[in-house]
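Residue-level structure breakdown
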Amino acid sequence: MSERAPTAYAAAGVDIAAGERAVELMKRHVARTHRPELVPEASGFAGLFRLDLSKYTAPVLATSTDGVGTKVMLAQALDRHDTIGIDLVAMVVDDLVVSGAEPLFLTDYIACGSVVPERIAEIVSGIAEGCCQAGCTLIGGETAEHPGAMGPDEYDLAGAGTGIVEADAILGPDRVRVGDVVIAMASSGPHSNGYSLIRRIVADAQLDLHANVPELGGPLGEVLLTPTRIYAKDCLALAADMEVHAFAHITGGGLAANLARSLPATADAVVDRASWAPPAVFGFLARHGQVSQEDMEATFNMGVGMVAIVAEDAAERALELLAERGVPAWVLGSVIPGSGKVVMTGEYRS
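A brief report on the enclosed structure follows. (Residues numbered from 1 in each chain as written. Predicted model: local features only at pLDDT ≥ 70, side-chain atom pairs only at ≥ 80, totals over all residues. Heavy atoms only, no water.)

Now for the overall build of the protein chain. When its secondary structure is counted, the protein chain shows 11 helices and 14 strands. Across its three principal directions, the C-alpha atoms of the protein chain cover 80 × 60 × 40 Å. Expressed as a percentage of the 350 residues in the protein chain, the buried residues total 50%. Considering only residue pairs separated by 6 or more positions, the protein chain has 86% of its internal contacts joining residues 24 or more positions apart. By element, 54% of the accessible surface of the protein chain is carried by carbon and sulfur atoms, the whole surface being about 16000 Å². (Helix = DSSP H or I, 4+ residues; strand = E, 2+ residues; numbered from the N terminus. Buried < 20%, exposed > 50% of the residue type's maximum accessible area, 1.4 Å probe, protein only. Contact = heavy atoms within 4.5 Å. Areas by Shrake-Rupley, 256 points an atom, 1.4 Å probe, with all protein chains shown as cover.)

So this is what it looks like as structure tokens:
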């Protein structure tokens, strides 16, 4: 056998120095998210968080994990990486808050083909911004370099969050009653769902991501990259102020499928499409992709990112409070006797 030079880790595509540089660049972003319960952990191997159990009677921990799907491919195509982390946090914390849980902390995982410190720091800056919007601490994370498995400019990210809620304050289908009012909170766009279909529409219709689209108010790519609205603090404010029975985070599967998860087996929710006009981006996608209304509604949130189911006498106050907090909201429908289904009626406003 002929002699050959030793193989080094760097030659295999892993740059340890770049990873260390990325950690240094992200530190200032992470520091923005720190809550007082964070415990300094000198080794850096784990995140520690002190719970003051005297504040709770019967605390229950909630956990959620998620990613942002193929929306990361859009961020990579546009070379814009500072907002995709907001999407990640939104997907995690807004699942947590559906149960009434306050998000406490989040960890992230970034896998990439090649560590570019500045790009990793951009991604983490978005994650930190999302944590600040949600009121939770970015307590730790991991950046992994996967040369050969991913291209040099490719990456993916995921996150896991932990929240806390009093046992007797857990929200969900068992609290929902006939006569309750269904309140919609506006989305900021497609959020982080349906991007495999969006990318297919863009490719098949040969749309230019950089082209300005007057009906959308800006370049197509920038509109599609709009970060997901984070509702965690708004939902917690509602639950603290009035009789909220359930929330539903409108993600993959659309409004009807996700709202049905928050209904008991003895009730239906009747939703009136005429109560709102979906944002222009959804009509644009449907038109250019020749996508049926049925498929649009089964894929996208159609302008509703979060739903609250509240007692009838709390509906007016809910709308007032959300308006005060800058969240567009409206009465979407009501709860009637049924079998756990969502009934969509009417036609969207134009």
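So much for the structure itself; the text now carries on.
This brings us to helix α3 (residues 84-96). Along its 13 residues, α3 runs 19 Å from first to last C-alpha, staying within 8% of the 18 Å computed at 1.5 Å per residue. With respect to burial, α3 is a largely interior element, 12 of its 13 residues being buried. Turning to α3, its buried residues number three or more, namely I84, G85, I86, D87, L88, V89, A90, M91, V92, V93, D94 and L96. (Expected span 1.5 Å × (residues − 1).)

In this sheet, strand β6 (residues 155-166) lies alongside strand β4 (residues 102-112) in antiparallel orientation, the contact comprising 10 bridges. Across the sheet, residue A111 finds its bridge partner in β6, namely D156. In terms of strand pairing, β4 meets strand β5 (residues 137-145) through 8 bridges, oriented parallel. Paired with Y109 across the bridge in β5 is E142. (Pairing = 2+ DSSP bridges.)

A few words on a nonpolar patch on the surface. On the surface, L51, L53 and L61 cluster together into a nonpolar patch covering about 280 Å² of accessible area. Residue classification places L61 among the exposed residues on the basis of a relative accessible area of 56%. (Patch = residues over 30% accessible without salt bridge, like charges linked within 9 Å, V, L, I, M, F, W, Y side chains within 5 Å. Salt bridge = Lys/Arg side-chain N within 4 Å of Asp/Glu carboxyl O.)

Let's shift gears to the environment of K341. Looking at the element boundaries, K341 is found in the loop between β13 (329-337) and β14 (342-345). Accessibility expressed as a relative area gives 44% for K341, which makes it partly exposed. Discounting residues that sit within four places of it in the chain, K341 has contacts with L263, A267, D268 and A269.

Here we come to helix α5 (residues 195-204). Every buried residue belonging to α5 is among Y195, I198, I201 and V202, and all of these are buried. Seen end-on, α5 carries its buried residues on one side only, within an arc spanning 115 degrees. Those residues of α5 that are exposed and angled more than 90 degrees off the buried face are R200, A203 and D204. Looking one or two places after α5, you find Q206, whose phi comes out positive at around 55 degrees. (Arc of directions from axis to C-beta.)

On to the sheet that holds β14, then. Strand order in the open sheet formed by 6 strands is β10-β12-β7-β13-β11-β14, and the pairing between neighbours is mixed. The open sheet terminates on both sides in strands that have one partner only, identified here as β10 (244-249) and β14. The mean angle between the axes of side-by-side strands here comes to 25 degrees, regardless of whether they run parallel or antiparallel. Of the strand pairs in this sheet, strand β7 (residues 181-186) and β13 are connected by 5 bridges, and their pairing is antiparallel. Its bridge partner lying in β13, V182 is registered against G333. The sheet strands contacting helix α11 (residues 315-324) are β7, β12 (304-310) and β13, and the helix crosses β7 at an angle near 10 degrees. (Axes fitted to C-alpha atoms, helices over the stretch in contact; angles between N-to-C directions.)

Turning to the pattern of salt bridges, a few remarks are in order. Under the counting rule described, the total for this entry stands at 16 salt bridges. One salt bridge in this structure joins R119 and D153, with 3.2 Å as the shortest N-O distance. Separated by 34 residues along the polypeptide, R119 in helix α4 (residues 117-134) and D153 in the loop between β5 and β6 bring together distant segments of the chain. Under the relative-accessibility criterion, R119 is labelled buried at 10%. Put simply, D241, R317, E320 and E324 are held in one network by salt bridges that share partners.

Ordered by their spatial adjacency, 4 strands build an open sheet running β3-β6-β4-β5, and the pairing between neighbours is mixed. The open sheet terminates on both sides in strands that have one partner only, identified here as β3 (59-67) and β5. Averaged over all adjacent pairs, the angle separating strand axes in this sheet is 15 degrees, with direction ignored.

Counted according to the given criterion, the structure contains 4 aromatic pairs. Through pairs of rings, three or more aromatic residues link up here, namely W276, W330 and Y348. Geometry around Y348 places R273 over its ring, the cationic atom sitting 5.9 Å from the centre. (Phe/Tyr/Trp six-rings, centres within 6.5 Å; stacked < 30°, edge-to-face > 60°. Lys NZ or Arg CZ within 6 Å of the ring centre and 35° of its normal.)

This part takes up unusual backbone geometry. Positive phi, normally seen in glycine, also occurs at Q290, with a value near 50 degrees. Tracing the backbone through its elements, the reader meets Q290 in the loop between α9 (280-289) and α10 (293-299). One non-glycine residue, M302, lies in positive phi territory at about 60 degrees. With respect to the helices, strands and loops of the structure, M302 is situated in the loop between α10 and β12.

These values are about where atoms sit, not about what they do.
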